[in-house]
Amino acid sequence: TTTWSSRSRWRSCGPGCALLRRSAPAQGLLRHADLELDPAACRASRGGRPLDLTRTEYTLLKVFLRNPGRVLSREVIFDSVWGYDFGPSSNALWVYISYLRAKLEAGGEPRLIQTVRGLGYVLREEP
């Protein structure tokens, strides 16, 4: 099961996650390089190291893992993660990409989420 702590850290889901798992189609592990996300267990890891992600970081990572190698525009990411676009002057996406990168690279691993200037972001091993 999965719950959120008072600081919105991903822990386990509780009864709500079990209901979501029963009503949603079965999803396998999402993997790219040494990055792994298990939607059924609501867990993510990099190189076997568990990642302590907020709900937004987890959703953002899931969007990238479902689209590896594909450049995702700000608009696509905003719609997939938040359901709306914050507008061109918002730095919300940049902030959450930075948080997620810091957690993914905390063990000295190479960067997987690359910036594609003028287009968006992409999950790939090489810049």
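Everything in this summary refers to the structure shown in the same document.

About the criteria used
- Residues numbered from 1 in each chain as written.
- Predicted model: local features only at pLDDT ≥ 70, side-chain atom pairs only at ≥ 80, totals over all residues.
- Heavy atoms only, no water.
- Helix = DSSP H or I, 4+ residues; strand = E, 2+ residues; numbered from the N terminus.
- Buried < 20%, exposed > 50% of the residue type's maximum accessible area, 1.4 Å probe, protein only.
- Contact = heavy atoms within 4.5 Å.
- Pairing = 2+ DSSP bridges.

A few words on unusual backbone geometry. Although it is not a glycine, Ala33 adopts a positive phi angle of roughly 55°. Assignment of secondary structure puts Ala33 in the loop between strand E3 (30-32) and strand E4 (35-38). Owing to a relative accessible area of 43%, Ala33 belongs among the partly exposed residues under this scheme.

It is worth spelling out the environment of Leu93 at this point. Within the secondary structure layout, Leu93 lies in helix H4 (residues 92-104). Here the alpha-carbon distance between Leu93 and Phe78, two residues 15 residues apart in the chain, equals 7.4 Å. Sequence-distant contacts of Leu93, that is, excluding residues within four places in its chain, are made with Leu60, Arg74, Ile77, Phe78, Trp82 and Tyr121.

Of all eleven residues in helix H2 (residues 55-65), nine are buried, a share of seventy percent or more. For H2, the set of buried residues is Thr56, Glu57, Tyr58, Leu60, Leu61, Lys62, Val63, Phe64 and Leu65.

Let's shift gears to the pairing of strand E5 (residues 43-46). Relative to E5, E4 runs antiparallel, the two being bridged by four bridges. Considered in E5, the bridge of Leu37 is made with Ala44. The loop that links E4 with its antiparallel partner E5 comprises four residues; one of these, Cys42, has a positive phi angle of about 60°. Note that E5 and strand E6 (residues 49-50) share two bridges and pair antiparallel. Counted as the bridge partner of Ser45 is Pro50 from E6. Between E5 and E6, which pair antiparallel and follow one another directly, the connecting turn spans two residues, one of which, Gly47, has a positive phi of 60°.

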